[in-house]
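# Working through the structure, step by step
Below, each chain spelled out in residue letters.
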Amino acid sequence: MSTRGINFLDRWIANNVPKTATADVVSVDELTHKLIADAKALGIKRLEIDEEVDSLYRTILDAIVHYDPGLPE
């Protein structure tokens, strides 16, 4: 289990999934690729994230469908 991977994923989704994002294949795919590139730039391997979720695609799709801005940081 990677605490670093799940923490990155949670923060990334909160900061990068806009409330205006649409739940279509292209948008979710683009966000998935951006997430992977941003993680790599920080030295976080995809495996660290993949071991925390069943599917990055489904995780991002769920974040779009169930968007809740939450409390400001």
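The numbers attached to residues start from 1 for each chain and follow its sequence in the written order. The predicted nature of this model means local features are confined to residues of pLDDT at least 70 and side-chain atom pairs, given and counted, to a pLDDT of 80 or more, with totals for whole chains, interfaces and linings taken over all residues. Just so you know, side-chain values use all the structure's heavy atoms and leave hydrogens and water out.

Next up on the list: helix α2 (residues 25–41). Because each turn of an α-helix spans 3.6 residues, side chains separated by three or four positions in sequence point in the same direction. Only DSSP runs of H or I with at least four residues qualify as helices, and only runs of E with at least two residues qualify as strands; both kinds are numbered from the N terminus onward. Residue count minus one, scaled by 1.5 Å, sets the expected span of a helix. For α2, built from 17 residues, the straight-helix expectation of 24 Å at 1.5 Å per residue is met to within 8% by its first-to-last C-alpha distance of 24 Å. The rule is simple: take the accessible area with a 1.4 Å probe, protein chains only, and divide by the maximum for that residue type; under 20% is buried, over 50% is exposed, in between is partly exposed. Turning to α2, its buried residues number three or more, namely Ser 27, Val 28, Leu 31, Thr 32, Leu 35 and Ala 39. With its buried residues spanning 135° around the axis, α2 presents them on a single face. Opposite its buried face, α2 presents the exposed residues Val 25, Val 26, Glu 30, His 33, Lys 40 and Ala 41, each directed more than 90 degrees away. Note on contacts: a residue pair qualifies if any of its non-hydrogen atoms lie within 4.5 Å across the two residues. Those residues of α2 that are buried lie in contact with α1 (3–16), α3 (46–50) and α4 (56–65). Here α2 starts with a cap whose side-chain oxygen sits 3.1 Å from the backbone nitrogen of Val 26, and that cap is Asp 24. Of the residues trailing α2, Gly 43 is marked for its positive phi of about 80°. Arc definition: it is the arc formed by the directions from the helix axis to the C-beta atoms. Two N or O atoms form a polar contact when they lie within 3.5 Å of each other; inside protein one atom must be a possible hydrogen donor and the other a possible acceptor, and for residues adjacent in sequence the pair counts only when both atoms belong to side chains.

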